[in-house]
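Breakdown of the fold
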Amino acid sequence: MSDAADTDADVHTVPAVKYHGTGNDFLVVDAADAAGVPDRGAFAVHHCDRETGVEGDDRTGADGVLFMDITDDGGDGGKEEGVARATMTLVQPDASIAEMCGNGARCAAAWVRERTGANVVDLDTPAGVRRATVTAGDDDASDEVTVEVEMGRPSFAPADVPLAADREEPLIETVVEGLTVSVVDTGVPHAVAFVDDVDAVDLDAVAPPVRHAAVFPEGANVTLAADTGDGTFDQRTFERGVEGETLACGTGAVAVGAVARRLGSTDREALAVSPPGGTLQITVPDDGPATLTGPAAREFTVDLPVPEGER
Ligand SMILES: N[C@H](CCC[C@H](N)C(=O)O)C(=O)O
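Residues numbered from 1 in each chain as written. Predicted model: local features only at pLDDT ≥ 70, side-chain atom pairs only at ≥ 80, totals over all residues. Heavy atoms only, no water.

Now for the overall build of the protein chain. What the protein chain contains, in helices and strands, is four helices and 17 strands. Viewed in the frame of its principal axes, the protein chain has a C-alpha envelope of about 55 × 45 × 35 Å. Sorting the 311 residues of the protein chain into buried and exposed places 53% on the buried side. Of the contacts made within the protein chain by residues no fewer than 6 positions apart, 64% connect residues no fewer than 24 positions apart. Surface accessibility of the protein chain: about 12700 Å² in total, with carbon and sulfur atoms responsible for 44%. Of the charged side chains in the protein chain, 21 are positive and 59 negative; the average position of the first set lies 4 Å away from that of the second. (Helix = DSSP H or I, 4+ residues; strand = E, 2+ residues; numbered from the N terminus. Buried < 20%, exposed > 50% of the residue type's maximum accessible area, 1.4 Å probe, protein only. Contact = heavy atoms within 4.5 Å. Areas by Shrake-Rupley, 256 points an atom, 1.4 Å probe, with all protein chains shown as cover. Lys, Arg positive; Asp, Glu negative; His and termini not counted. Charge placed at Lys NZ, Arg CZ, Asp CG, Glu CD.)

This is the structure:
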């Protein structure tokens, strides 16, 4: 039975909109509607479960719940006309809160645009403010828009990733739990391993020991990358907090670009990175924030019950 189908009159429900960005999918919830959810972590664990969570047309569950609080609608009384502002909090399927989410930011910006009409959205995240610019297709009634997100400056600094306190130097092409990785913060930590063929690696086998390695006191996402020439790369990511591979990871795509340039694999600033769920356009300039551009698609709306014992 669908998650939504077993709601009844006396069960508190929370309206949500399901979005995905190149297959990285999220339940987007207005924080005001979720005021009655005392345990956001348990709520996310319940509805994101790939076996028993919210039912979609072709997938069950989600890669997280984005709790949104619009603080400025970008109207003429706002700080900057035409620029909305919202706090974005990603609660992941393991109940952890992520500092930033590139694909989630695109979905969040699309959700804010639908409610405010603003095409530019400043997202307040634990990693900092990230500006997103939404471009609608020709058919404004379409469920899909294109969003560019400023992703901040990638950092290899041990204190930024973070690395264990005894690490004074960045990890570049260093063996960690059997995988040769370069480690960069793109809002969240990514251990990036360049390989010849991302599909030839058993990611579910090699990733967990790296994800949990002692050198990463806050854990790390584990991203595979393969250079496919002319500034294009394949990507796969085992995500911290999902504790599994996702169809796409935006911060991971930026991490691929940052590491490729650090290793001298490319001198291009504009790159195309292809996770299984689609292709993301990345820029990694030397003198400014990285950017991530890709689609954000609205899938469906749903009323999510607040499970027993979590009211
Ligand atoms: N799982 C990540 C956060 C979500 C990142 C990913 N979904 C993206 O698009 O950037 C972490 O805990 O560091």
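Bringing the UniProt feature "active site" (unreviewed entry) in the protein chain into the picture now. The UniProt entry lists Cys 101 and Cys 249 under the feature "active site" (unreviewed entry), expressed in the numbering used here. For the annotated residues, spread through 149 residues, the largest C-alpha to C-alpha distance comes to 7.9 Å, consistent with a single compact locus. If you trace the backbone, Cys 101 turns up in the loop between strand S5 (97-98) and helix H2 (102-116). Exposure remark for Cys 101: the relative accessible area of 7% places this residue in the buried category. If we skip the residues at most four places from it in the chain, Cys 101 touches Phe 26, Met 88, Leu 90 and Thr 251. Mapped onto the elements of the fold, Cys 249 is located in the loop between strand S14 (244-246) and helix H4 (250-262). When its relative accessible area of 4% is taken as the criterion, Cys 249 is described as buried. Excluding its chain neighbours within four sequence positions, the residues that come into contact with Cys 249 are Asn 24, Asn 103, His 190, Gln 235, Thr 237, Glu 239 and Leu 280. (UniProt positions renumbered as here; feature names shortened; annotations may be inferred.)

With that out of the way, let us pick up the UniProt feature "binding site: substrate" (unreviewed entry) in the protein chain. UniProt's entry tags Asn 24, Gln 92, Gly 102, Asn 103, Asn 221, Glu 239, Arg 240, Gly 250 and Thr 251 with the feature "binding site: substrate" (unreviewed entry), counted in the numbering of this structure. Structurally, Asn 24 is set in strand S2 (residues 24-30). Here Asn 24 falls in the buried class, since its relative accessible area comes to 2%. One can find Asn 221 in strand S12 (residues 221-229). Residues within four places of Asn 221 in sequence aside, it is in contact with Val 188, Pro 189, His 190, Ala 191, Thr 237, Phe 238, Glu 239 and Arg 240. In terms of polar contacts, Asn 221 uses its side chain to reach the backbone carbonyl oxygen of Pro 189, at 2.9 Å. (Polar contact = N/O pair within 3.5 Å; in protein donor to acceptor, adjacent residues only side chain to side chain.)

Inspection of helix H1 (residues 40-48) places Gly 41, Ala 42, Phe 43, Ala 44, His 47 and Cys 48 among the buried residues, and these make up the whole buried set. Residues of H1 that are buried make contact with strand S1 (13-21), S2, strand S3 (65-72), strand S4 (83-91) and strand S17 (291-305). Where H1 begins, the side chain of Asp 39 points an oxygen toward the backbone nitrogen of Gly 41, at a separation of 3.1 Å.

A few words on the pairing of S12. Note that strand S11 (residues 189-194) and S12 share five bridges and pair parallel. Counted as the bridge partner of Phe 194 is Ala 225 from S12. You can see the chain leave S11, run along helix H3 (residues 203-211) and come back into S12, and the turn it takes is right-handed. Pairing analysis gives seven bridges linking S12 to strand S13 (residues 232-239), with the strands arranged antiparallel. The residue bridging Gly 229 from the neighbouring strand is Thr 232, located in S13. In textbook terms, the turn of a hairpin is the stretch between consecutive antiparallel strands, and for S12 and S13 this stretch comprises two residues, one of which, Asp 230, has a positive phi near 55°. (Pairing = 2+ DSSP bridges. Right-handed = clockwise from strand over helix to strand, strands pointing away.)

Let us look at the site of the ligand. For the ligand, the set of nearby residues contains 15 residues, the closest of which are Gln 92, Asn 221, Glu 239, Arg 240 and Thr 251. For the ligand, an oxygen atom lies 2.8 Å from a polar atom in the side chain of Gln 92. When the ligand is considered free in solution it has 360 Å² of accessible area, and contact with the protein chains removes 99% of it. Looking at side-chain class alone, the shell around the ligand contains six nonpolar, seven polar and two charged residues. Mapped onto the domain boundaries, the shell around the ligand takes at least three residues apiece from domain 1 (13-152 + 296-305) and domain 2 (174-288). (Near = heavy atom within 4 Å. Nonpolar A, V, L, I, M, F, W, Y, C, P; charged D, E, K, R; others polar. Domains from an automatic or database assignment.)

Counted under the stated rule, the structure contains 16 salt bridges. Glu 114 is the salt-bridge partner of Arg 298, the closest N and O atoms lying 2.9 Å from each other. Residue Arg 298 is located in strand S17, and its partner Glu 114 is located in helix H2; the two are separated by 184 residues in the primary sequence. Close ionic contact of Arg 211 with Glu 243 constitutes a salt bridge, the shortest N to O distance being 2.8 Å. With a gap of 32 residues between them, Arg 211 in helix H3 and Glu 243 in the loop between S13 and S14 connect regions that are remote in the sequence. Using a relative accessible area of 10% as the deciding quantity, one classes Arg 211 as buried. The exposure class of Glu 243 is partly exposed, given its relative accessible area of 32%. (Salt bridge = Lys/Arg side-chain N within 4 Å of Asp/Glu carboxyl O.)

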